[in-house]
Amino acid sequence: MLEDILFFVVAFISEIIGAIAGFGSSTIFLPLALFFVDFKTALILVAISHLFGNLGRINFFRHGLDIKIIITFGIPSILLSFVGASIVGILSQDILKVILGIFLIVISILFLLRPALKFPTNTSTVITGGGVSGLITGLLGTGGALRATFLTGFNLEKTKYIATAAVIALATDATRIPSYLSQGFLLEQYYYYIPILLATAIGGSFIGRKIVDKIDQQVFRKIVLVSIILVSINFIVDGVKS
């Protein structure tokens, strides 16, 4: 019983952080979930929590939805993620993690040192950013940090950034969860976790929204960039250790 409570507390805190940074809830939740359940169960439960969290963020930040960016960034991202997944066995994931980690740290530090710096928001740049982030997502299985780097680089207003990131991440969840379910990852004994994960995800997104509302735009951008750096360090460590 205590383990179940701790599991849901971790899920709740992860969603709060994910709502504030616009990414990272799965990055935080998955390794901690492994203390309570096996890997396959953790994958499906974290994915379900992530799905609910993205739905919550889309709802709470819906006035920031930008259809043009969602289409020009999101569609290439989704399409290239399938390409990345299809060639995942060709390239070394460890080397990619190290290169990606170094790249994201350098870009994030540049954005921190030069607040006025941003990527051009013309259509070709947005499409390229979506495609590259999607490709890396397919190759590594995680793309939140890279997606956040591009969206932050476009200097989007905070609600627009979070809403856009949530819609694109939701599309990823919608493709992977059916695959997990078809492979029997969700055992019957964990069915009752689903409504509780819904509550923790929506609650975490709601609290995250309240916190974001109180954060200045420039401070918010710095929080996201620091979060990207921390995740990138983890990429490098994982790549070197493997």
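Quick look at the structure, then.

Interaxial distance between helix α5 (residues 93–113) and helix α6 (residues 123–140) falls to 10 Å at its minimum, and their mutual angle equals 140°. It follows that α5 is oblique to α6 by the angle criterion. The two elements α5 and α6 meet at a crossing, and its hand is left-handed. Where α5 abuts α6, its residues Q93, L96, K97 and L100 lie against I136, L139 and L140. Grouping the amino acids of the contact of α5 with α6 by side-chain chemistry returns 5 nonpolar, 1 polar and 1 charged.

The computed volume of the second largest pocket comes to approximately 160 Å³. Lining the second largest pocket, in full, are I17, A21, F23, G24, T27, I28, S227, L230, V231 and N234. When contributions to the lining of the second largest pocket are tallied by element, the ones reaching two or more residues are α1 (2–21), α2 (25–33) and α10 (217–241). Sorting elements by how many residues they give to the lining of the second largest pocket places α10 first, with 4 residues.

Summed over all chains, the structure comprises 3 salt bridges. A salt bridge links K160 to D66; the nearest nitrogen and oxygen atoms lie 3.3 Å apart. Taken as a pair, K160 in helix α8 (residues 158–182) and D66 in the loop between α3 (39–60) and α4 (67–86) lie far apart in primary sequence, 94 residues in all. Look at D66 and you get buried, because its relative accessible area is 18%.

Rules and cut-offs
Residues numbered from 1 in each chain as written. Predicted model: local features only at pLDDT ≥ 70, side-chain atom pairs only at ≥ 80, totals over all residues. Heavy atoms only, no water. Axes fitted to C-alpha atoms, helices over the stretch in contact; angles between N-to-C directions. Helix = DSSP H or I, 4+ residues; strand = E, 2+ residues; numbered from the N terminus. Parallel < 35°, antiparallel > 145°, perpendicular 65-115°, else oblique. Left-handed = near helix turned anticlockwise from the far one by under 90°. Contact = heavy atoms within 4.5 Å. Nonpolar A, V, L, I, M, F, W, Y, C, P; charged D, E, K, R; others polar. 1 Å grid on protein atoms, 1.4 Å probe; cavity = no way out; pocket = protein on both sides within 12 Å on 5 of 7 lines; lining within 4 Å. Points joined across faces, edges and corners; volume = space filled by probe spheres on them. Salt bridge = Lys/Arg side-chain N within 4 Å of Asp/Glu carboxyl O. Buried < 20%, exposed > 50% of the residue type's maximum accessible area, 1.4 Å probe, protein only.

Geometry only, nothing functional implied.
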